[in-house]
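Structure assessment
One letter stands for each residue in the lines below.
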Amino acid sequence: GAAPCPPAAGHSWRLGVTPTFDVRPLQRPDGAKDADSSFFVLSMSVGPVSSGIPVYLKCVGSGRTIDIDGDVVRARGQEQGTHQRICIEKLPPESEIPAACPDTELSAQEKAWLFRRGVQLALVDKQQIAKLLSSHRPTCRDLLKIY
């Protein structure tokens, strides 16, 4: 699970990679190398990184790229795939967030269209879609045919 946020006062905490490749806030021990808690920000786009642009975070010390699987954050390898792609987004103020839409049931065609558009725009993880569509749920077989 996720590590609790450390207290801010009186300690020097940095994002770091543990010997078991977990990524979490770590207290910087005396004599520790900065490379162990420094990351390159790699981006496929040219220019400044702005909200919503996908990036990869690569640990300077180990050369490993941060990967995320569910709520587990690690730095196990040097891949730059779906599990390593991170979108940094600026959250708007609460006052600018619209109220949630009421629940509505979508048809299988509407769901398939949303999945296709999500994949086309790289908003949906292709591996997760494949996992969902290949599951044994009764509606997934029909959805797979339409997709």
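What you see is a predicted model; the values in this text were computed from it and never measured.

Turning our eyes to something else, we now look at the overall build of the protein chain. Secondary structure assignment for the protein chain yields three helices and seven strands. Counted from the first residue to the last, the protein chain has its helices and strands arranged as β-β-β-β-β-β-β-α-α-α. Within the protein chain, the proportion of its 147 residues that are buried is 18%. Taking contacts inside the protein chain between residues at least 6 apart in sequence as the whole, the part at least 24 apart equals 36%. Only carbon and sulfur atoms are counted for the fraction: they give 57% of the accessible area of the protein chain, which is about 10900 Å².

Should their charged atoms come close, side chains of opposite charge can pair. All told, the structure shown has two salt bridges when counted by the stated rule. Where R76 meets D67, a salt bridge forms, and the shortest distance between an N and an O atom there is 2.9 Å. Its relative accessible area of 40% is what places R76 among the partly exposed residues. The salt bridge involving E105 is made with K111; its shortest N-O contact spans 3.6 Å.

Bringing the side chain of T18 into the picture now. Take T18: it is sitting in the loop between strand 1 (13–17) and strand 2 (23–27). Only 3.0 Å separates the side chain of T18 from the side chain of T20, close enough to count as a polar contact. When near neighbours in sequence (up to four residues on either side) are disregarded, T18 contacts R24 and L26.

Right, let's talk about the nonpolar core for a bit. Membership of the largest hydrophobic core is limited to eight residues, which are V17, V23, V55, L57, C59, I66, A75 and I86. Excluding anything up to four places from it in sequence, A75 contacts V17, F21, V23, R64, T65, I66 and D67. Residues V119, I129, L133 and L143 belong to the second largest nonpolar core, which totals five residues.

Within the secondary structure, Q84 sits in the loop between strand 6 (72–77) and strand 7 (86–87). A distance of 2.6 Å separates a polar atom in the side chain of Q84 from the backbone nitrogen of G81. Beyond its immediate stretch of four places on either side in the chain, Q84 contacts V55, Y56, T65, I66, D67 and E79.

Once that is clear, we can look at the environment of Q78. Position of Q78 among the secondary structure elements: in the loop between strand 6 and strand 7. When its relative accessible area of 57% is taken as the criterion, Q78 is described as exposed. Along the backbone, Q78 and S62 are 16 residues apart, and their C-alpha atoms lie at a distance of 9.4 Å. Residues contacting Q78, with those up to four places away along its chain left out, are G63 and T65.

Where strand 1 lies against strand 2, five bridges are found, and the strand directions are antiparallel. Residue L15 lies in a different strand from strand 2, and its bridge partner there is P25. Here strand 1 folds back onto strand 2 in antiparallel fashion, the turn holding five residues, of which F21 has a positive phi close to 75°.

A few words now on a nonpolar patch on the surface. Together, V41, V49 and I88 make up a nonpolar patch on the protein surface, roughly 240 Å² of accessible area in all. Structurally, the position occupied by V41 is in strand 3 (residues 39–43).

Here we come to the environment of H83. In this structure, H83 sits in the loop between strand 6 and strand 7. Linking H83 and D125, residues 42 residues apart in sequence, is a C-alpha distance of 8.5 Å. Every residue in contact with H83, bar those within four places of it in the chain, is listed here: I66, D67, I68, D69, D125 and Q127. Here the side chain of H83 touches Q127 through a polar contact of 2.9 Å, side chain to side chain.

What counts and what doesn't
- Residues numbered from 1 in each chain as written.
- Predicted model: local features only at pLDDT ≥ 70, side-chain atom pairs only at ≥ 80, totals over all residues.
- Heavy atoms only, no water.
- Helix = DSSP H or I, 4+ residues; strand = E, 2+ residues; numbered from the N terminus.
- Buried < 20%, exposed > 50% of the residue type's maximum accessible area, 1.4 Å probe, protein only.
- Contact = heavy atoms within 4.5 Å.
- Areas by Shrake-Rupley, 256 points an atom, 1.4 Å probe, with all protein chains shown as cover.
- Salt bridge = Lys/Arg side-chain N within 4 Å of Asp/Glu carboxyl O.
- Polar contact = N/O pair within 3.5 Å; in protein donor to acceptor, adjacent residues only side chain to side chain.
- Core = buried A, V, L, I, M, F, W, Y, C linked by side-chain atoms within 4.5 Å.
- Pairing = 2+ DSSP bridges.
- Patch = residues over 30% accessible without salt bridge, like charges linked within 9 Å, V, L, I, M, F, W, Y side chains within 5 Å.

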